[in-house]
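Descriptive analysis of the structure
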Amino acid sequence: MASPVPSLGQLVSHATCLFKKNFGDEAPKIAACAPGRVNLIGEHTDYNQGYVLPMALSLVTVVVGSASSGQEATIVTASEEADEPRKVDLTLPIEGFPLSPGLPHWTNYVKGVMHHYRDDGDNLSKAIACQQAEHTHAGVPCGIMDQLVSVLGMEGHALLIDCRSLESIPVPLTDPGLVFLITNSNVKHSLASSEYALRRAQCEKAASILRKPSLRDATMNDLEAQESRAQLDDVTYRRACHVIGEICRTLKAAESLKRGAYQEFGKLMVESHNSLRDLYEVSCKDLDDLVCAAMEVEGVFGSRMTGGGFGGCTITLLKAHAIDRTIQNIQERYSGTPTFYVATPSEGARALKLS
Ligand code: GAF
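Thoughts on the pairing of strand S8 (residues 178-188)
- As paired strands, S8 and strand S10 (residues 311-319) are joined by eight bridges and run antiparallel to one another. Following the sheet pairing, Val179 is matched in S10 by Leu318.
- Examined bridge by bridge, S8 and strand S11 (residues 339-342) share four bridges and lie antiparallel to one another. Each bridged residue has a counterpart across the sheet, and for Leu181 the counterpart in S11 is Val342.

Set out below in structure tokens:
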């Protein structure tokens, strides 16, 4: 069975209780939530200025709060996975006195957002501030996909995002006969962040050898040209080959989804997975096994690893009636303990009314 997702109401009431416990029984005055995301296709293309096709999920993070007087603020996390202490006092950043990253780790992203956020009411600048927070405070040189889809997500739609222009096109996902299933491998390998930074550097190296501003501007012909082949070492060649191929696949996949050509979409998902496994080398045995187990089931169109890799989740497109059989087969075949979520395309970050 797929795991239930806690409702927004449950999360807000949990956060409100925690707030009252920490701040003298007074109720919070404001609340907001932001969704997690799953990427359907277009992996490791965002920092190459390519295309991605994610959707925002109904799994959200909730924040409640009240304005503090002066420059002092206190933040508390409800996350069981956060390092201690889980309640931290901060001095709000002012010109010349930035909020620097430090311990506990969980505060760094929050500090980064406080540092970069400008209240200009613009969704794109919100997403960019959050990406900068990852770069400067959490130490993750990520692209813009996660932040953009979390801010712009639309109920019933995936978003085809152009990570160069930051424009997004909604792609409807309303066929009741169809399900996107997220399978969490529940493994995370420690090399994920160092390998991510390395991949990004390898892509920049490839673009510079090809004399292009980014791999978005390169074609397979550029990559195969004799002069480039002579200068590209095997690893850099394969990284570029994945990115150039994946950008094309993402555009094709968005088209096939619009046409309801699910077989075609599924085939592109598997090609994406194989490319991430063999050329980009960011998959791992757990993810490969999950994809193989899903693909054995009748009614499954396609499956692939999703996100940065080295653990984490797979995403599978299947006929709705095949969901129980798919989950069962994965449980039988996978040596770990997976968890399952039905991906419901949901709206993006928003303020909430407190009753
Ligand atoms: C992580 C990053 F945060 C994204 O920006 C993206 O690069 C993704 O890995 C790979 O597609 O989620």
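Anyway, onward from the coordinates.
Side note on the sheet that holds S10
- An order of S9-S10-S8-S11 is seen for the four strands of this open sheet, with the pairing classed as antiparallel. Of all the strands in the sheet, the pair left with one neighbour each is strand S9 (300-306) and S11. Each strand axis lies, on average, 20° off the axis of its neighbour in the sheet, ignoring direction.
- Inspection of the sheet shows S9 paired to S10 by six bridges, in the antiparallel sense. When the bridges of S10 are listed, Arg304 appears paired with Ile315.
- Contacting S8, S9 and S10, helix H9 (residues 262-278) crosses the sheet at an angle of about 30° to S9.

Observations concerning the sheet that holds strand S2 (residues 51-52)
- What the three strands build is an open sheet, ordered S2-S6-S7; its pairing is antiparallel. Only two strands of the sheet have a single neighbouring strand rather than two, namely S2 and strand S7 (168-172).
- For S2 and strand S6 (residues 157-162), the ladder comprises two bridges, and the chain directions are antiparallel. Note on S6: the bridge partner recorded for Val52 is Ile161.
- Here helix H4 (residues 145-152) sits on the sheet in contact with S2, S6 and S7, set at roughly 135° to S6.

Let's talk about the domain arrangement of the chain
- Partitioning the chain into structural domains gives domain 1 (8-42 + 49-172) and domain 2 (178-343).
- Taking only C-alpha atoms, the centre of domain 1 and the centre of domain 2 are 26 Å apart.
- Contact residues are listed per partner, giving 17 residues for domain 1 and 24 residues for domain 2.
- Class assignment of the residues belonging to the side of domain 1 that touches domain 2 gives a composition of twelve nonpolar, four polar and one charged.

Thoughts on the packing of helix H2 (residues 107-116) against helix H3 (residues 123-138)
- Where H2 contacts H3, the axes come no closer than 8 Å and their chain directions differ by 125°. In terms of orientation, H2 lies oblique with respect to H3. Between H2 and H3 lies a crossing of right-handed hand. The residues of H3 that touch H2, namely those facing Asn108, Tyr109, Lys111, Gly112, Val113, His115 and His116, are Ala129, Cys130, Gln132, Ala133, Glu134, Thr136, His137 and Ala138.
- Broken down by class, the residue content of the contact of H2 with H3 amounts to six nonpolar, seven polar and two charged.

Overview of the nonpolar core
- Within the largest apolar cluster, 69 residues are counted, with the highest numbers of intra-cluster contacts made by Leu53, Met55, Ile161 and Ala240.
- Top contributing element to this core by residue count: helix H8 (residues 234-259), with eight residues.
- Beyond its immediate stretch of four places on either side in the chain, Ile161 contacts Tyr51, Val52, Met145, Leu148, Val149 and Ser168.
- If you look at the next biggest cluster of nonpolar residues, it comprises seven residues, including Ala15, Phe19, Ala31 and Val60.

Brief notes about H4
- Most of H4 sits inside the fold, with eight of its eight residues counted as buried.
- Met145, Asp146, Gln147, Leu148, Val149, Ser150, Val151 and Leu152 are the residues of H4 that are buried.

Observations regarding the environment of Tyr341
- With respect to the helices, strands and loops of the structure, Tyr341 is situated in strand S11.
- Judged by the 20 C-beta atoms lying within 10 Å of it, Tyr341 is buried.
- C-alpha separation for the pair Tyr341 and Ile182, spaced 159 residues apart in sequence, amounts to 5.0 Å.
- Ignoring sequence-local partners within four residues, the contact set of Tyr341 consists of Ala2, Ser3, Val5 and Ile182.

Remarks on unusual backbone geometry
- Following Glu84, the chain continues to Pro85 via a peptide bond in cis, the omega torsion being -5°.
- Tracing the chain through its elements places Pro85 in the loop between strand S4 (72-76) and strand S5 (87-91).
- Cis geometry marks the peptide bond from Leu103 to Pro104, where omega comes out at -5°.
- Here Pro104 is to be found in the loop between S5 and H2.
- Even without being glycine, Phe310 reaches a positive phi, approximately 55°.
- With respect to the secondary-structure elements, Phe310 resides in the loop between S9 and S10.
- Given 22 C-beta atoms within a 10 Å radius, Phe310 is considered buried.

Quick notes on the packing of helix H10 (residues 285-295) against helix H11 (residues 323-333)
- In contact at an axis separation of 8 Å, H10 and H11 are set at 135° when each is read in the N-to-C sense. Between H10 and H11, the interaxial angle falls into the category oblique. The element H10 and its partner H11 pack so that their crossing is right-handed. Facing H10, whose interface residues are Asp289, Leu290, Ala293 and Ala294, H11 presents Thr326, Asn329, Ile330 and Arg333.
- Its residues placed into classes, the contact of H10 with H11 shows four nonpolar, two polar and two charged.

Scoring rules and cut-offs
Residues numbered from 1 in each chain as written. Predicted model: local features only at pLDDT ≥ 70, side-chain atom pairs only at ≥ 80, totals over all residues. Pairing = 2+ DSSP bridges. Helix = DSSP H or I, 4+ residues; strand = E, 2+ residues; numbered from the N terminus. Axes fitted to C-alpha atoms, helices over the stretch in contact; angles between N-to-C directions. Contact = placed C-beta atoms within 7 Å. Domains from an automatic or database assignment. Nonpolar A, V, L, I, M, F, W, Y, C, P; charged D, E, K, R; others polar. Parallel < 35°, antiparallel > 145°, perpendicular 65-115°, else oblique. Left-handed = near helix turned anticlockwise from the far one by under 90°. Core = buried A, V, L, I, M, F, W, Y, C linked by C-beta atoms within 7 Å. Buried ≥ 20, exposed ≤ 12 C-beta atoms within 10 Å, placed from the backbone.

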